[in-house]
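Here is how the chains run, residue by residue.
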Amino acid sequence: MSIRVEAVTKAYKNGPRAVDEVSLEVRDGEFMVLVGPSGCGKSTLLKLIAGIEEVTDGRIYISDRDVTLLDPRKRDIAMVFQSYALYPHLSVRQNLGFGLKLRKTGKAEIAARVDEVARILGLEEMLDRKPGELSGGQRQRVAMGRAIVREPQAFLMDEPLSNLDAKLRVSMRAQLSRLHERLGVTTVYVTHDQVEAMTLGQRVAVLRGGVLQQCDTPEQLFDHPANLFVAAFIGSPAMNLVEAEGGRFGSCAVPSPVEGRCILGIRPHDLKLGPGIPAVVQVVERLGTETHVVAGIDAPRLRSAALADALDASAADDDVLLAEDDRASFTVVLDARAPVAVGDRIELTVDPDRLHHFDADSGNAVDLGALAGGRREVVAPRGV
């Protein structure tokens with residue numbers, strides 16, 4: 001079953017649009033993730049698909065059926081929320097079968113479906129327990145099982161793992177991936193965690209301020225971000241950004257096909273120790289599997305208006321905390337045993353093919369193919 005959102009807008013009185021003319025297609029059987037910072041409109045978009053919120057403009061289709069004005073109960077979807085919303089006085093078995101009971105499904109069929117879902121989710125030994133006797137991860141599995149047992153055409157999930165601790169979230173992500181492979185049901189999943197988005201989504205839709213910025217595979221979002229916002233939001237640690245003129249920034253320079261003013265982006269994993277960019281080590285974080293280094297470079301901090309517009313204030317201020325004398329700093333990911341210490345003078349090198357180029361005025365990615373043909377163009381956001 002596919003879901004198609006056509007130029008959908010959700011406007012509230014005396015405020016900005018929560019969703020602003022978003023067009024998006026979720027393919028049959030696809031696991032689509034909606035990601036972005038708090039307040040970007042991702043949960044509102046999910047509620048519009050579910051019918052919990054009313055569309056101001058645009059249309060929503062489920063399996064080519066216009067459901068824009070249809071009651072949520074008639075859309076044949078199931079939602080899983082951040083809150084488990086389990087009935088504390090009912091057993092796991094009763095919680096799983098409660099929705100089917102309301103639909104007056106036969107007792108034998110309820111029992112069969114509950115047993116099957118319990119087997120899929122590993123809940124067989126917990127069927128007679130109450131929610132208060134379960135761990136957070138177990139309760140979340142029950143909440144998901146309650147949705148699965150209905151056998152809907154689509155699952156809509158609104159940050160279902162955000163209440164779990166970091167280790168349990170990793171485990172539940174793996175279970176969710178296996179569950180989707182097994183069931184093959186169309187799923188729209190909301191999260192603010194870009195790591196969660198990149199590991200779960202077959203495609204990921206990035207939103208900011210109610211506007212869809214880019215929709216693509218995780219690999220394409222990482223390697224070919226459409227603009228500065230996507231570039232800075234996707235990836236951990238975040239992409240290094242610096243304003244350059246013909247590949248030169250401050251006293252530093254890298255080979256670049258862009259002759260004029262632009263914003264250069266360099267992923268921390270693409271910087272290596274080697275002749276090129278002089279830097280001074282400011283911070284060393286040894287994480288066991290790798291070492292993160294923050295190194296000051298001889299270039300001014302980025303002050304582009306495009307960056308100020310593209311990034312949230314908190315992200316734009318990260319560099320300020322470590323900058324010395326208003327100089328920029330790069331984050332570098334090195335080998336776990338890299339011989340570096342605070343205060344060391346090092347040099348950094350980068351493969352020119354791994355550089356990202358953004359227009360300094362619009363913030364959109366520069367089309368290097370068009371540039372080679374004598375035209376400077378920006379890349380249209382993919383999937384928008």
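None of the values given here were measured: they were computed from a predicted structure.

If you tally the helices and strands in the protein chain, you get 11 helices and 21 strands. Its C-alpha atoms give the protein chain principal-axis dimensions of roughly 75 × 45 × 40 Å. In the protein chain, which comprises 384 residues, the share counted as buried stands at 50%. For the protein chain, the exposed surface amounts to about 18,200 Å²; the carbon and sulfur share of it is 49%. Each charge class in the protein chain can be summarised by its mean position, and for the 46 positive and 54 negative side chains these summaries are 8 Å apart.

If you trace the four strands from one edge of the open sheet to the other, you get S2-S1-S4-S5, paired in antiparallel fashion. Sheet topology places strand S2 (17-26) and strand S5 (65-66) at the edges, where each strand pairs with a single neighbour. One ladder, built from six bridges, connects strand S1 (residues 3-11) with S2; its direction is antiparallel. Its bridge partner being in S2, lysine 10 is matched across the sheet by valine 19. Of the strands in this sheet, S1, S2 and strand S4 (57-62) are in contact with helix H1 (residues 42-50), which crosses S1 at around 115°.

Our focus in this paragraph is the UniProt feature "domain: ABC transporter" (unreviewed entry) in the protein chain. The UniProt entry lists residues 3-234 under the feature "domain: ABC transporter" (unreviewed entry), expressed in the numbering used here. Secondary structure content for residues 3-234 is 37% helix and 25% strand, and the end C-alpha separation is 25 Å.

Quick look at the state of the cysteines now. The full count for this structure, using the stated rule, is zero disulfides. Free cysteine: cysteine 252, not disulfide-bonded; nearest cysteine sulfur from cysteine 262 at 15 Å.

It is worth spelling out the packing of aromatic side chains at this point. Counted according to the given criterion, the structure contains four aromatic pairs. Pairing tyrosine 87 with phenylalanine 98 gives two aromatic rings, centres 4.7 Å apart and planes at 50°, and the pair type is tilted. Note that tyrosine 87 is positioned in the loop between strand S6 (77-80) and helix H2 (92-102) and phenylalanine 98 in helix H2, a separation of 11 residues in sequence. Plain terms: the ring middles of phenylalanine 229 and phenylalanine 233 are 5.6 Å apart, the flat faces sit at 15° to each other, and that makes the pair stacked. Of the two residues, phenylalanine 229 and phenylalanine 233 are both situated in helix H8 (residues 228-233); the distance of four residues between them amounts to about one turn of the helix.

The next subject is the environment of leucine 121. Note that leucine 121 resides in helix H3 (residues 107-121). Along the backbone, leucine 121 and valine 142 are 21 residues apart, and their C-alpha atoms lie at a distance of 8.2 Å. Those residues in contact with leucine 121, other than ones at most four positions away along the chain, are Arg141, Met144, Gly145, Ile148 and Leu179.

Turning to the pairing of S1, a few remarks are in order. Pairing geometry for S1 and S4, over five bridges, is antiparallel. Residue pairing in the sheet places arginine 4 in a bridge with tyrosine 61 of S4. The turn joining S1 and S2, which pair antiparallel and follow one another in sequence, is formed by five residues; a positive phi near 55° is taken by asparagine 14.

Burial of H1 is extensive: seven of the nine residues sit out of reach of the surface. Of the positions making up H1, those classed as buried are Lys42, Thr44, Leu45, Leu46, Leu48, Ile49 and Ala50.

With 45 residues, the main nonpolar core has Val33, Tyr189 and Val206 as its most contacted residues. No other element matches the six residues that H3 contributes to this core. Ignoring anything within four residues of it in the chain, the contact list for tyrosine 189 reads Phe31, Met32, Val33, Leu34, Met157, Pro160, Leu161, Leu176, Glu196 and Leu200. Judged by nonpolar contacts, the second largest core, of 30 residues, contains Met32, Cys40, Leu46 and Ile49.

Where H2 meets helix H4 (residues 136-148), the axes come as close as 7 Å, and the angle between the chain directions of the two elements is 30°. Here H2 runs over H4; the crossing is right-handed. Where H2 abuts H4, its residues Val92, Asn95 and Leu96 lie against Val142, Gly145 and Arg146. Partitioned by chemical class, the residues of the contact of H2 with H4 number three nonpolar, two polar and one charged.

This paragraph deals with the environment of histidine 89. Within the fold, histidine 89 resides in the loop between S6 and H2. The spacing of histidine 89 and proline 131 is 42 residues in sequence and 8.0 Å in space, taken between C-alpha atoms.

Below, the discussion takes up unusual backbone geometry. Excluding glycine, residues mostly carry a negative phi; peptide bonds, for their part, are mostly trans. Across the junction of serine 236 and proline 237, the peptide omega takes the value 0°, indicating a cis bond. Examined against the element boundaries, proline 237 turns out to sit in the loop between H8 and strand S11 (240-245). Positive phi is not limited to glycine here, since glutamate 21 has a value of about 50°. One non-glycine residue, serine 63, adopts positive backbone phi at about 55°. With respect to the element layout, serine 63 can be found in the loop between S4 and S5. The class of serine 63 is partly exposed, set by a relative accessible area of 34%.

Thresholds applied
- Residues numbered from 1 in each chain as written.
- Predicted model: local features only at pLDDT ≥ 70, side-chain atom pairs only at ≥ 80, totals over all residues.
- Heavy atoms only, no water.
- Helix = DSSP H or I, 4+ residues; strand = E, 2+ residues; numbered from the N terminus.
- Buried < 20%, exposed > 50% of the residue type's maximum accessible area, 1.4 Å probe, protein only.
- Areas by Shrake-Rupley, 256 points an atom, 1.4 Å probe, with all protein chains shown as cover.
- Lys, Arg positive; Asp, Glu negative; His and termini not counted.
- Charge placed at Lys NZ, Arg CZ, Asp CG, Glu CD.
- Pairing = 2+ DSSP bridges.
- Contact = heavy atoms within 4.5 Å.
- Axes fitted to C-alpha atoms, helices over the stretch in contact; angles between N-to-C directions.
- UniProt positions renumbered as here; feature names shortened; annotations may be inferred.
- Disulfide = S-S within 2.5 Å.
- Phe/Tyr/Trp six-rings, centres within 6.5 Å; stacked < 30°, edge-to-face > 60°.
- Core = buried A, V, L, I, M, F, W, Y, C linked by side-chain atoms within 4.5 Å.
- Left-handed = near helix turned anticlockwise from the far one by under 90°.
- Nonpolar A, V, L, I, M, F, W, Y, C, P; charged D, E, K, R; others polar.

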